[in-house]
Amino acid sequence: MFRIKIPATSANLGPGFDCLGMALQLYNTITVETKRPFRISLTGSYKEGIPADESNLVWRTMCHFWDLIHYPVPTVDLTFENCIPPARGLGSSSAAIVGGLAAANAIAGSPYTKLELLQIANALEGHPDNVTPALYGGVTLSVPTEKGVLPRVLAQSPNLKAVVIIPDTPLNTKKARSILPPQVHRKDAVFNISHVSLLTEAFIREEYSLLKEAMCDKLHQSQRAALIPGLLETLEAALQAGAYGAALSGSGPTLLTLIPRSFTEDVSLIMTNMLEKHGINAEAMVLEIDANGASSI
Ligand code: HSE
């Protein structure tokens, strides 16, 4: 028997569209018992609506991996504990893919490295910004190269906390991507390139006061505000309250705010109240950054 935990992740961090991400201490876990009849059991706060049969994304990913390496599909008894809210911009599908690959690789005797698993995860997910931090932990940069994704960990354990504000209605990533124009203006591209560079500096030098400016974006957030009423006002309210920085988490609808560890202002309340004024009910969580990525427990 073995167990793997996979962190939730927040992608983009503002300007780093499809490139930057961060792992959070909120986990899905996969428990594998071998030599048992095939069974999938679901536990955890977010098991509703997740299939417990062969259409389950974790299981499909496991089978995909075994197929790739020509490994016979074993009979296993799987328990998935789902604590990451699905379709909220917290990397639940990446956690399923990364967890499925890590578990299937372990069952097969670990023939693949983490870097090789990342390439498969990226191909399955379609963008690397959640799967990289889910595998490596910390704050990550995913660089698309001709040889695949080059993952860089900018900071393993930054000295800050994340507040995530999670609206109760899901938002499909496909839909949140479909509203983005296929082309961007050069001045917006320049804005984002410079802000990602500043954000990289902020994490590497631990100069978190830079984050307020560094987390600004021109490529997707204001466009997505149409799908999340009150988004921009709520991010602004977090900054007014003294947060280091605030951004849409992945494609939303969750909002990510980074705050000093010693922060006493109730930024969660300020943000949930602001969203409520726009008709959105949301739950708040204060989370530490995960430093390890998917790992055995
Ligand atoms: N980077 C992706 C997007 C989301 O903004 O569409 C990843 O969760």
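All figures in this text were calculated on a predicted structure; none of them were measured in a lab. (Residues numbered from 1 in each chain as written. Predicted model: local features only at pLDDT ≥ 70, side-chain atom pairs only at ≥ 80, totals over all residues. Heavy atoms only, no water.)

**Observations regarding the sheet that holds strand β8 (residues 245-248)**
The four strands lie next to each other as β8-β9-β7-β10, forming an open sheet whose pairing is antiparallel. In the strand order of this sheet, the two ends are held by β8 and β10 (282-287), each with one partner. With direction set aside, neighbouring strand axes in the sheet form an average angle of 20°. Along the sheet, helix α9 (residues 231-240) makes contact with β8 and β9 (255-259), crossing β8 at roughly 160°. (Pairing = 2+ DSSP bridges. Helix = DSSP H or I, 4+ residues; strand = E, 2+ residues; numbered from the N terminus. Axes fitted to C-alpha atoms, helices over the stretch in contact; angles between N-to-C directions. Contact = heavy atoms within 4.5 Å.)

**Concerning the nonpolar core**
Formed by 65 residues in total, the largest nonpolar core has its most connected members in M62, F203, L211 and L258. For this core, the element with the most residues is helix α2 (residues 92-107), which contributes nine residues. Counting 21 residues, the second-largest nonpolar core is a separate cluster that includes L171, A225, I228 and L248. (Core = buried A, V, L, I, M, F, W, Y, C linked by side-chain atoms within 4.5 Å. Buried < 20%, exposed > 50% of the residue type's maximum accessible area, 1.4 Å probe, protein only.)

**Quick notes on the site of the ligand**
Around the ligand sit A11, N12, F17, D18, H127, D129, N130, R177, R224, G250 and S251, and those are all the residues in its vicinity. At a separation of 2.8 Å, an oxygen atom of the ligand approaches a polar side-chain atom of R224. Protein burial of the ligand: of its 260 Å² of free accessible surface, 96% is covered by the chains. Here the residues of the shell around the ligand sort into two nonpolar, five polar and four charged. Two domains each donate at least three residues to the shell around the ligand, and these are domain 1 (2-155 + 291-296) and domain 2 (161-287). (Near = heavy atom within 4 Å. Polar contact = N/O pair within 3.5 Å; in protein donor to acceptor, adjacent residues only side chain to side chain. Areas by Shrake-Rupley, 256 points an atom, 1.4 Å probe, with all protein chains shown as cover. Nonpolar A, V, L, I, M, F, W, Y, C, P; charged D, E, K, R; others polar. Domains from an automatic or database assignment.)

**Some words on the domain arrangement of the protein chain**
Annotation of the protein chain at the domain level lists domain 1 (2-155 + 291-296) and domain 2 (161-287). Taking the mean C-alpha position of each, domain 1 and domain 2 sit 24 Å from one another. Facing 26 residues of domain 1, the contacting portion of domain 2 comprises 38 residues. When the buried surface of domain 1 facing domain 2 is broken down by residue, P15, F17 and R88 rank first, second and third, together holding 28% of it. Counting every contact that joins domain 1 to domain 2 gives one salt bridge. In this structure, R177 and D18 form a salt bridge, with 2.8 Å as the shortest nitrogen-oxygen distance. On the surface where domain 1 and domain 2 come into contact, there are 13 residue pairs in polar contact (both at pLDDT 80 or more). Those elements that provide at least two residues to the side of domain 1 that touches domain 2 are β1 (2-11), β2 (20-34) and β6 (148-155). (Buried area = accessible area lost by both parts, 1.4 Å probe. Salt bridge = Lys/Arg side-chain N within 4 Å of Asp/Glu carboxyl O.)

**Topic: the UniProt feature "domain: GHMP kinase N-terminal" (unreviewed entry) in the protein chain**
UniProt's entry tags residues 56-138 with the feature "domain: GHMP kinase N-terminal" (unreviewed entry), counted in the numbering of this structure. Summarising residues 56-138: 55% helix, 7% strand, and an end-to-end C-alpha distance of 27 Å. (UniProt positions renumbered as here; feature names shortened; annotations may be inferred.)

**Describing the pattern of salt bridges**
The full count for this structure, using the stated rule, is seven salt bridges. A salt bridge links E33 to R36, with the nearest nitrogen and oxygen atoms 2.8 Å apart. Judged by its relative accessible area of 36%, R36 falls in the partly exposed class. Through salt bridges that share partners, E33, R36, R39 and D77 make up one connected network.

**Description of the packing of α9 against helix α10 (residues 267-277)**
Across the interface, α9 lies against α10 with an axial gap of 9 Å and an inter-helix angle of 155°. The angle between α9 and α10 places the two elements in the roughly antiparallel class. In this structure, the crossing between α9 and α10 has a hand that is right-handed. Of α10, the residues touching α9 (which contributes E233, T234, A237 and A238) are V267, I270, M271, M274 and L275. Residue classes in the contact of α9 with α10 are distributed as seven nonpolar, one polar and one charged. (Parallel < 35°, antiparallel > 145°, perpendicular 65-115°, else oblique. Left-handed = near helix turned anticlockwise from the far one by under 90°.)

**Examining the UniProt feature "domain: GHMP kinase C-terminal" (unreviewed entry) in the protein chain**
What UniProt calls "domain: GHMP kinase C-terminal" (unreviewed entry) maps, in this numbering, to residues 201-260. Summarising residues 201-260: 37% helix, 15% strand, and an end-to-end C-alpha distance of 17 Å.

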